[in-house]
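A closer look at the structure
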Amino acid sequence: MHNTRLTEEHLIFRDSLKSFIQKEILPHIDKWEKEGAIDKSIWKKLGDMGYMGLIYPEQYGGLDLDFYYSLIFCEEISKCFSGGFSVSALVIQYMSTPYLWKYGSEELKSKYLTAVIQGDMVSAVAITEPGAGSDVQRMKTTAVLDGDEYIINGSKTFITNGYYGDFFITAVKTDPAAGSKGISLILVDRNTPGITCNKIEKLGWHASDTAEIGFDHVRVPKSHLIGVEGEGFKYLMGGLQLERLTAGIHSLSTAESAMEYTLDYLQQREAFNKPLKDFQVLRHRFAQMYADVETLKAFIYHCCDLQNQGIYAVKECSIAKLQASELAIKVVSECLQMFGGYGFTEDYKIARLYRDVRVGTIIAGTSEIMLEILAKISIDQVDYSKK
């Protein structure tokens, strides 16, 4: 899709990123999927190229580029035929580390943010709990101040990069009686005594490590508090728009990669002495998917404009996340159908995409939560424009 926002520099960036993915990532995807682990050396290679610091300031080793570079990164990294690998990369740069960058102390940033940008550390964000998913305010994990340390107790679940990651941006209750005003963010090192991690077996996203994390009297220096105590909920609400936008880009790009893969198959396969691509029923189904994806892509690019301008766009990012994740499931399902019996085998990557794409309507806020946010905006006239 031709886009006037993208300059010659952006297109050159896309080309070099594509060739990097072709050379350094795609040959290893099947192995990582099979082993359920991503080789950590890839983060270092991405870091060396500057790909892990696109949005971050130069003083920490970042490139401080406009958001369209991130749009391109999200699009291309989501076309690797491994939702697990793609999401691990997106969690590091767009879903966990931004809290450290925006609110962390200089001491934390110079140690941890710099290491992430260089590809030496992998970060995770630990919010969800076994008994509190969408309802963040009901979290039970506590952090009690004891001298110069916080003592953390509780558990988190569904944490991407939670098993092999190096540290977690962890949401905790520092004042359980204060509701949303009692939530804080604390940076916790993975190897701190008292932490247990169990890997979760998943339907899809096999390459990514998703963990259940237990905190049993885990002592963390007071200096690991991110920002101000009690402001964690506000920080999370501010960060969710970027998370939802990147999740939306990821879903839509997954749909696009499924369509490219399917078109290749339709051109090669024959039935009744003609290529599958010449059957009108398949042509029209494909054309409809193409129209749906192109329409939504224009809206997602509009959301990227807002993000690039620093606008807090709750309505737009919620729409993007909702529509892209729902559409991607439909598109990948349609594509699998076009493969016939082969679509149901592990020999074709469409089967993996079918498993991987399903979680899109659950992560980063379920479709139901997106609809409730949009209902509040459209029916109850709630104004989310102020953080």
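The notes below deal with the structure included here. (Residues numbered from 1 in each chain as written. Predicted model: local features only at pLDDT ≥ 70, side-chain atom pairs only at ≥ 80, totals over all residues. Heavy atoms only, no water.)

Digging into the overall build of the chain
- Scanning the chain from terminus to terminus reveals eleven helices and ten strands.
- A globule of 387 residues ought to have a C-alpha radius of gyration of about 21 Å, and the chain, at 21 Å, matches this closely.
- Taking all 387 residues of the chain together, the buried fraction comes to 55%.
- Residue pairs at least 24 apart in sequence account for 74% of intrachain contacts in the chain once pairs closer than 6 positions are excluded.
- For the chain, the exposed surface amounts to about 17200 Å²; the carbon and sulfur share of it is 52%. (Helix = DSSP H or I, 4+ residues; strand = E, 2+ residues; numbered from the N terminus. Rg over C-alpha atoms; globule rule 2.2 N^0.38 Å. Buried < 20%, exposed > 50% of the residue type's maximum accessible area, 1.4 Å probe, protein only. Contact = heavy atoms within 4.5 Å. Areas by Shrake-Rupley, 256 points an atom, 1.4 Å probe, with all protein chains shown as cover.)

Side note on the packing of aromatic side chains
- Here the structure, examined in full by the defined rule, presents 17 aromatic pairs.
- Ring centres of Y261 and F339 lie 5.6 Å apart, and the angle between their planes is 25 degrees; this geometry places the pair in the stacked category. With a gap of 78 residues between them, Y261 in helix α7 (residues 232-268) and F339 in the loop between α9 (314-338) and α10 (349-357) connect regions that are remote in the sequence.
- Judged by centre distance (4.2 Å) and plane angle (20 degrees), the rings of Y265 and F339 are stacked. Pair noted here: Y265 is in helix α7 and F339 is in the loop between α9 and α10, with a separation of 74 residues, a long-range link. You'll find Y265 and F339 in the same group, each marked buried.
- Here a set of aromatic residues connected by ring pairs shows up, and it is made of F13, F20, Y51, Y69, F73 and Y94. (Phe/Tyr/Trp six-rings, centres within 6.5 Å; stacked < 30°, edge-to-face > 60°.)

Focus: the pattern of salt bridges
- In total, this model carries 23 salt bridges according to the counting rule given.
- For E75, the salt bridge is made with R14, and the minimal N-O distance between the two is 2.8 Å. On the criterion of sequence distance, the pair formed by E75 in helix α4 (residues 67-77) and R14 in helix α1 (residues 8-25) is long-range, its members being 61 residues apart.
- Take E75: its relative accessible area is 3%, and that puts it in the buried class. (Salt bridge = Lys/Arg side-chain N within 4 Å of Asp/Glu carboxyl O.)

Topic: the nonpolar core
- Judged by nonpolar contacts, the single largest core of 97 residues is most densely connected at I25, W43, F73 and F85.
- Per-element accounting of this core gives the leading share, twelve residues, to α7.
- Non-local contacts of I25, meaning those with residues more than four positions away in its chain, are made with F20, W32, I42, I77, C80 and F85.
- Among the nonpolar cores identified, the runner-up in size contains 18 residues, and V172, C197, V220 and L225 belong to it. (Core = buried A, V, L, I, M, F, W, Y, C linked by side-chain atoms within 4.5 Å.)

Some remarks on unusual backbone geometry
- Despite not being glycine, W205 has its phi angle at roughly 50 degrees, a positive value.
- Structurally, W205 can be placed in the loop between β6 (195-199) and β7 (210-221).
- With relative accessibility at 6%, the residue W205 sits in the buried group.
- The phi dihedral of A364 falls on the positive side, at around 55 degrees, and the residue is not glycine.
- Inspection of the secondary structure assignment puts A364 in the loop between α10 and α11 (367-378).
- Here A364 falls in the buried class, since its relative accessible area comes to 13%.

Points about the packing of α4 against α7
- It is the contact of α4 with α7, at a shortest axis distance of 8 Å, that shows an interaxial angle of 45 degrees. As the angle between them shows, α4 and α7 are arranged oblique. Here the hand of the crossing between α4 and α7 comes out right-handed. Taken together, the residues of α7 that come into contact with α4 (itself represented by F67, L71, C74 and E75) are L242, L245, T246, I249 and S253.
- Residue composition of the contact of α4 with α7, by class: six nonpolar, two polar and one charged. (Axes fitted to C-alpha atoms, helices over the stretch in contact; angles between N-to-C directions. Parallel < 35°, antiparallel > 145°, perpendicular 65-115°, else oblique. Left-handed = near helix turned anticlockwise from the far one by under 90°. Nonpolar A, V, L, I, M, F, W, Y, C, P; charged D, E, K, R; others polar.)

A few points about the pairing of β7
- With nine bridges joining them, strand β3 (residues 149-160) and β7 adopt antiparallel strand pairing. Within β7, the residue paired with T160 across the bridge is T210.
- Looking at chain direction, β6 and β7 are connected through five bridges and run antiparallel. If you follow I195 over to β7, its bridge partner there is F215. (Pairing = 2+ DSSP bridges.)

Let's talk about α9
- Relative to the 36 Å expected for 25 residues at 1.5 Å per residue, α9 spans 36 Å between its end C-alpha atoms, a close match to the ideal helical length.
- In the segment just after α9, G340 is the residue with positive phi, at about 60 degrees. (Expected span 1.5 Å × (residues − 1).)

Quick word on the state of the cysteines
- As enumerated under the stated definition, the model contains zero disulfides in all.
- With no disulfide of its own, C317 lies 5.2 Å from the sulfur of C303, the closest cysteine sulfur. (Disulfide = S-S within 2.5 Å.)

Things to note about the environment of I152
- Structurally, I152 is set in strand β3.
- Residue I152 is classed as buried on the basis of its relative accessible area, which comes to 0%.
- For I152, the contacting residues outside a window of four places in its chain are T141, T142, A143, V172, I186, V188, F215, D216, H217, V218 and V220.

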